[in-house]
Amino acid sequence: VVLLLSLLGLAAAGRLLVVPVDGSHWLSMRQVLDILRQKGHEVVVVAPEASLHIKPSKDLVMKMYSVPYTQEEMEKDFKVFLHTAFEEGSFLERFLKVYEGMKKLGNMSAASCEHLLQNKELIRYLEESKFDAILTDPVVPCGLILAEHLSLPSVYFLRGVPCGLDLEATQCPSPPSYVPRGFTQFTDRMTFLQRVQNLLYDTPNFFLCDFAFEPFSKLASEFLKRDVTVLDLLRKGSVWLLRLEFVLDYPRPLMPNIIPIGGVHCAHK
């Protein structure tokens, strides 16, 4: 009886801190949060006041914080980026347009993260709440900084991280000789020249990483009071929930703590 009673503690509901990313990222994550809440877990979501889909809800505990941009400005930048991302054209044209769009959205995300970390009242609440874990999408590394500050095990819920930083953090092989890169429109059956091109298309990733994550590395170093990079923080992920489905995406090696959950996108019927 004592043994059985002691095991009940292992099934006790926990407290989960959630730092989401807006847009379709949130729509997928919301399905998971609803099920966790139904199972008795307490879910606390930290989000900016201006957002596309993350709105106050009676079903979740929402902690909103102010940001230095308006709802209209944010929606305009998102629409422009989505339009350019699906435009046709040469690799260079598409890359430059996506580069500019990502730069704008990256600056907006960094500004949002900075206001969150500077919100002393909210940070104090998070410190005193004694969460069991943090669930976040590392495509915007603000949740990674909070996980490190609060010393919480982190669960990543992601489709991918720009410039293959997720592959580097998990040490997953992704050889350009076999795996087509974005914007190339190659298949998994490439000629020798296409493989060479595919390798060259990987080069811009070095520049993408610099402008996309440098602001967050600076924020993390200032907030944590020590030199740290986004890659350092990414490597500390406990579980990676990968929103991939290898029926549609190219199969590749995965580490034991990476779990494909592509089916979460599908409605339950």
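Conventions adopted
- Residues numbered from 1 in each chain as written.
- Predicted model: local features only at pLDDT ≥ 70, side-chain atom pairs only at ≥ 80, totals over all residues.
- Heavy atoms only, no water.
- Salt bridge = Lys/Arg side-chain N within 4 Å of Asp/Glu carboxyl O.
- Helix = DSSP H or I, 4+ residues; strand = E, 2+ residues; numbered from the N terminus.
- Buried < 20%, exposed > 50% of the residue type's maximum accessible area, 1.4 Å probe, protein only.
- Phe/Tyr/Trp six-rings, centres within 6.5 Å; stacked < 30°, edge-to-face > 60°.
- Lys NZ or Arg CZ within 6 Å of the ring centre and 35° of its normal.
- Core = buried A, V, L, I, M, F, W, Y, C linked by side-chain atoms within 4.5 Å.
- Contact = heavy atoms within 4.5 Å.
- Pairing = 2+ DSSP bridges.
- Axes fitted to C-alpha atoms, helices over the stretch in contact; angles between N-to-C directions.
- Polar contact = N/O pair within 3.5 Å; in protein donor to acceptor, adjacent residues only side chain to side chain.
- Disulfide = S-S within 2.5 Å.

(A) Quick look at the pattern of salt bridges. Going through the model one piece at a time under the given rule, you end up with seven salt bridges. Between R243 and D137 there is a salt bridge; the shortest N-O distance is 3.7 Å. Of this pair, R243 sits in the loop between strand 6 (239–242) and strand 7 (258–260) while D137 sits in the loop between strand 4 (133–136) and helix 6 (142–150), placing them 106 residues apart in sequence. The exposure class assigned to R243 is buried, which follows from its relative accessible area of 5%.

(B) A look at the packing of aromatic side chains. Inspection of every chain in the model, using the stated rule, returns two aromatic pairs. Look at Y156 and W240: their rings are 4.8 Å apart centre to centre, the planes differ by 85 degrees, and that puts the pair in the edge-to-face class. Of this pair, Y156 sits in strand 5 (residues 154–158) while W240 sits in strand 6; the two residues are 84 residues apart in sequence, bridging distant segments of the chain. Above the plane of the ring of Y125 lies K63, whose end atom (NZ or CZ) is 4.3 Å from the centre. It is R195 that lies over the ring of Y178; its NZ or CZ is 5.4 Å from the centre.

(C) Layout of the nonpolar core. In this structure, L17, L126, I145, L146, L165 and L234 are the most contacted members of the largest nonpolar core, which totals 53 residues. The residues touching L126, leaving out its near neighbours within four places in the chain, are L17, V46, F131, L146 and L150. Ranked by size, the runner-up nonpolar core spans 15 residues in total, among them L16, V18, M62 and A133.

(D) Region of interest: the sheet that holds strand 1 (residues 15–19). The strand order across the open sheet formed by seven strands is 3-2-1-4-5-6-7, and the pairing between neighbours is parallel. Each end of this open sheet is capped by a strand with a single partner; those strands are strand 3 (61–65) and strand 7. Along the sheet, successive strands turn relative to each other by an average axial angle of 20 degrees, direction set aside. Here strand 1 runs beside strand 4; their pairing, made up of four bridges, is parallel. When the sheet's bridge partners are listed, V18 is paired in strand 4 with L135.

(E) Quick look at the side chain of T170. Locating T170 in the fold gives a position in helix 7 (residues 165–170). A relative accessible area of 11% places T170 in the buried class. Separated by 2.7 Å, the side chain of T170 and the backbone oxygen of D166 make a polar contact. Among residues more than four places away in sequence, those in contact with T170 are W240, M255 and I258.

(F) Quick peek at the state of the cysteines. Scanning the entire structure with this criterion turns up one disulfide. Each disulfide pairs two cysteine sulfurs, and for C113 the partner residue is C142, the sulfurs being separated by 2.2 Å. For the disulfide bridge between C113 and C142, the dihedral angle about the S-S bond is near 90 degrees, and by the sign convention the bridge is right-handed. Taken as a pair, C113 in helix 4 (residues 91–117) and C142 in helix 6 lie far apart in primary sequence, 29 residues in all. Taking relative accessible area as the criterion, C113 reaches 1% and is therefore assigned buried.

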